[in-house]
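An overview of the molecular structure
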Amino acid sequence: VQLVESGGGLVQAGDSLRLACAASGLAFSNYGMGWFRQAPGIEREFVAAISWSGADTYYADSVKGRFTISRDNAKNTVYLQMDSLKPEDTAVYYCGAVLSGFPRKADEYDHWGQGTQVTVSS
């Protein structure tokens with residue numbers, strides 16, 4: 001199983017970024033997918049999750065209304081559209097895959113990518 005994140009970078013506050021996570025080696029449409037982030041010295045934090053079908057989504061309060069998670073099962077890819085970025089969004093962003101549900105706890109995920117850095121300057 002391989003999850004590869006892309007799309008991170010250095011942006012200014014108020015800008016947008018779109019992250020992508022391409023999956024291989026698993027039956028992608030059977031998996032719930034989640035985005036998490038981790039800043040230095042802080043535990044991995046839930047950002048957003050989406051059900052296997054894409055019909056259900058869940059967001060952390062800190063990103064609700066600014067971030068949008070989506071997926072394309074034909075392309076084995078999950079996305080995170082991030083708008084109105086803030087300096088506090090700076091972190092390494094990880095995608096995870098889980099066979100059951102679309103939980104908010106990182107330790108419930110079965111597979112992880114290597115992460116992509118997002119840095120938001122003020």
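Residues numbered from 1 in each chain as written. Predicted model: local features only at pLDDT ≥ 70, side-chain atom pairs only at ≥ 80, totals over all residues. Heavy atoms only, no water.

Bringing the overall build of the chain into the picture now. Scanning the chain from N- to C-terminus turns up zero helices and eleven strands. Put simply, the chain runs from its N terminus to its C terminus through helices and strands in the order β-β-β-β-β-β-β-β-β-β-β. Relative to a compact globule of 122 residues, whose C-alpha radius of gyration would be 14 Å, the chain shows 13 Å and is just as compact. Dimensions of the chain, computed from C-alpha atoms along their principal axes, come out at roughly 40 × 30 × 25 Å. A total of 122 residues make up the chain; the buried ones form 41% of that total. Taken as a whole, the chain presents about 6100 Å² of accessible surface, with 46% of it coming from carbon and sulfur. Side-chain charges of the chain comprise 10 positive and 13 negative groups, with the mean position of each set lying 3 Å from the other. (Helix = DSSP H or I, 4+ residues; strand = E, 2+ residues; numbered from the N terminus. Rg over C-alpha atoms; globule rule 2.2 N^0.38 Å. Buried < 20%, exposed > 50% of the residue type's maximum accessible area, 1.4 Å probe, protein only. Areas by Shrake-Rupley, 256 points an atom, 1.4 Å probe, with all protein chains shown as cover. Lys, Arg positive; Asp, Glu negative; His and termini not counted. Charge placed at Lys NZ, Arg CZ, Asp CG, Glu CD.)

Moving on, we come to the sheet that holds strand β3 (residues 17–24). The strands that make up a sheet are held in pairs by hydrogen bonds between backbone atoms, and each pair lies either parallel or antiparallel. Pairing within the open sheet is antiparallel, and its four strands lie in the order β1-β3-β8-β7. Sheet topology places β1 (2–6) and β7 (67–72) at the edges, where each strand pairs with a single neighbour. Neighbour to neighbour, the strand axes of the sheet diverge by 15 degrees on average, direction disregarded. Relative to strand β8 (residues 77–82), β7 is paired through six bridges, and the arrangement is antiparallel. Paired with Phe-67 across the strands is Met-82, a residue of β8. (Pairing = 2+ DSSP bridges. Axes fitted to C-alpha atoms, helices over the stretch in contact; angles between N-to-C directions.)

Next up on the list: the pattern of salt bridges. If you walk through the whole model with that rule in mind, you get four salt bridges. Arg-37 is the partner of Asp-89 in a salt bridge, and the nearest nitrogen-oxygen pair spans 2.9 Å. Residue Asp-89 is found in the loop between β8 and β9 (91–98), and its partner Arg-37 is found in strand β4 (residues 32–38); the two are separated by 52 residues along the sequence. Among the residues examined, Arg-37 registers a relative accessible area of 6% and is labelled buried. Ionic contacts of the salt-bridge type, sharing partners, join the residues Arg-37, Glu-45, Arg-66 and Asp-89 into one network. (Salt bridge = Lys/Arg side-chain N within 4 Å of Asp/Glu carboxyl O.)

Glancing now at the side chain of Thr-77. Position of Thr-77 among the secondary structure elements: in strand β8. Thr-77 sits in the buried class, given a relative accessible area of 10%. Looking at Thr-77, its side chain comes within polar contact range of the main-chain oxygen of Lys-75, at 2.8 Å. Discounting chain neighbours no more than four positions away, the residues touching Thr-77 are Ala-20, Cys-21, Ala-22, Phe-28, Arg-71 and Asp-72. (Polar contact = N/O pair within 3.5 Å; in protein donor to acceptor, adjacent residues only side chain to side chain. Contact = heavy atoms within 4.5 Å.)

Our focus in this paragraph is the state of the cysteines. Applying the stated rule across the entire model yields one disulfide. For Cys-21, the disulfide goes to Cys-95, at an S-S distance of 1.9 Å. Given an S-S torsion of about 45 degrees, the disulfide between Cys-21 and Cys-95 has right-handed geometry. Here Cys-21, found in strand β3, pairs with Cys-95, found in strand β9; they are 74 residues apart in sequence, far enough to count as distant. (Disulfide = S-S within 2.5 Å.)

Before going further, it helps to spend a moment on the pairing of strand β11 (residues 116–121). A one-sided burial pattern is seen for β11, the buried positions being Thr-116, Val-118 and Val-120 and the unburied ones Gln-117, Thr-119 and Ser-121. Two strands pair when backbone bridges link them, and strand β2 (residues 9–12) and β11 are joined in this way by four bridges, in the parallel orientation. Bridge pairing in β11 links Gly-9 to Val-118. Where β9 meets β11, three bridges bridge the pair, whose relative direction is antiparallel. Bridge assignment links Val-92 to a residue of β11, and that residue is Gln-117.

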